[in-house]
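Okay, here's what each chain looks like letter by letter:
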Amino acid sequence: MGTLMTEGDRSALLVIDVQKDFCTGGALAVANSESVVSALNHYIDAAVADGVTVYASRDWHTAVTNHFTAYGGPWPVHCVQGTDGARFHPNLRLPGTAIIVTKGEDPTSAGYSAFEGRTTEGKAFLADLRERGIHHLYVGGLATDYCVRHSVVDALSAGLRVTVLRDAIAGVDDDDSARALIQMRRRGAELVTGADQKHILRLTCGVKATEG
């Protein structure tokens, strides 16, 4: 199953906000986060094996921000810059070549979308994708109904092809997550799992492997 990509359809894997505060025991833990980490590690391994660019976004909030309940926002304190909770999950096998996309630094903005973030070199995420000729994002991470949804919608709005890895995402609220999946599909995202293709999806620079 799945479609064969064209030679110009260069891919990347985007791992969204798999940080300690969003995982089991964290300040804003998402249910089933551990299964997301496990699934993502398979996709990361496939990406590394095929030489595919891996991006990892992270929330990186200031201590004082209108994103937090203490300052009028909807969320408890989480992923504050430099804190242990803002670190990536210790079991997430990000390669040393992963490009970190930092978002949420603006104290007046929620910073849900990876497309609001910048790389460590200060490049806007979309600009970095354009420079690398990347037109197709495979997306997994946390949380389905917030940062995943916003990132996917922004990617589609930018004209990118998006494949959401359904076995590598989890949401805060089941109903909101279901609505988010519907929205992403309606906007043009492809929703797949490794099981859909009877193997973990291979991520390649030009062509997605077909079933043998």
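Note: the structure precedes this text.
This section reports on the structure supplied with the text. (Residues numbered from 1 in each chain as written. Predicted model: local features only at pLDDT ≥ 70, side-chain atom pairs only at ≥ 80, totals over all residues. Heavy atoms only, no water.)

## Things to note about the pairing of strand β2 (residues 53-59)
Here β2 lies mainly inside the structure; 7 of its 7 residues are buried. Of the two faces of β2, the one holding Thr-53, Tyr-55, Ser-57 and Asp-59 and the one holding Val-54, Ala-56 and Arg-58 are both buried throughout. Pairing of strand β1 (residues 10-16) with β2 involves 5 bridges; the strand directions are parallel. Considered in β2, the bridge of Ile-16 is made with Ser-57. Assessed by its sense of winding, the connection that carries the chain from β1 through helix α1 (residues 33-49) to β2 is right-handed. Where β2 meets strand β3 (residues 99-103), 5 bridges bridge the pair, whose relative direction is parallel. (Buried < 20%, exposed > 50% of the residue type's maximum accessible area, 1.4 Å probe, protein only. Helix = DSSP H or I, 4+ residues; strand = E, 2+ residues; numbered from the N terminus. Pairing = 2+ DSSP bridges. Right-handed = clockwise from strand over helix to strand, strands pointing away.)

## Quick look at the layout of surface pockets
Its volume calculated, the largest pocket comes out at about 250 Å³. Residue lining of the largest pocket: 15 residues in total, with Thr-144, Ala-170, Gly-171, Asp-174 and Ser-177 positioned closest to the centre. The leading source of residues in the lining of the largest pocket is helix α4 (residues 174-187), at 4 residues. In terms of residue class, the lining of the largest pocket is built from 9 nonpolar, 4 polar and 2 charged. (1 Å grid on protein atoms, 1.4 Å probe; cavity = no way out; pocket = protein on both sides within 12 Å on 5 of 7 lines; lining within 4 Å. Points joined across faces, edges and corners; volume = space filled by probe spheres on them. Nonpolar A, V, L, I, M, F, W, Y, C, P; charged D, E, K, R; others polar.)

## Regarding the environment of Pro-74
With respect to the helices and strands, Pro-74 occurs in the loop between β2 and β3. Here Pro-74 falls in the exposed class, since its relative accessible area comes to 55%. For the pair formed by Pro-74 and Ala-110, sequence separation is 36 residues and the distance between their alpha carbons is 9.8 Å. Setting aside residues no more than four positions away along its own chain, Pro-74 makes contact with Asn-66, His-67 and Thr-69. (Contact = heavy atoms within 4.5 Å.)

## A short note on the pattern of salt bridges
Overall, the coordinates contain 10 salt bridges when judged by the stated rule. A salt bridge links Glu-190 to Arg-161, with the shortest nitrogen-to-oxygen separation between them at 3.6 Å. Taken as a pair, Glu-190 in strand β7 (residues 190-192) and Arg-161 in strand β6 (residues 161-170) lie far apart in primary sequence, 29 residues in all. Its relative accessible area of 22% is what places Glu-190 among the partly exposed residues. Residues joined by salt bridges that share partners form a network here, namely Asp-17, Asp-59 and Lys-103. (Salt bridge = Lys/Arg side-chain N within 4 Å of Asp/Glu carboxyl O.)

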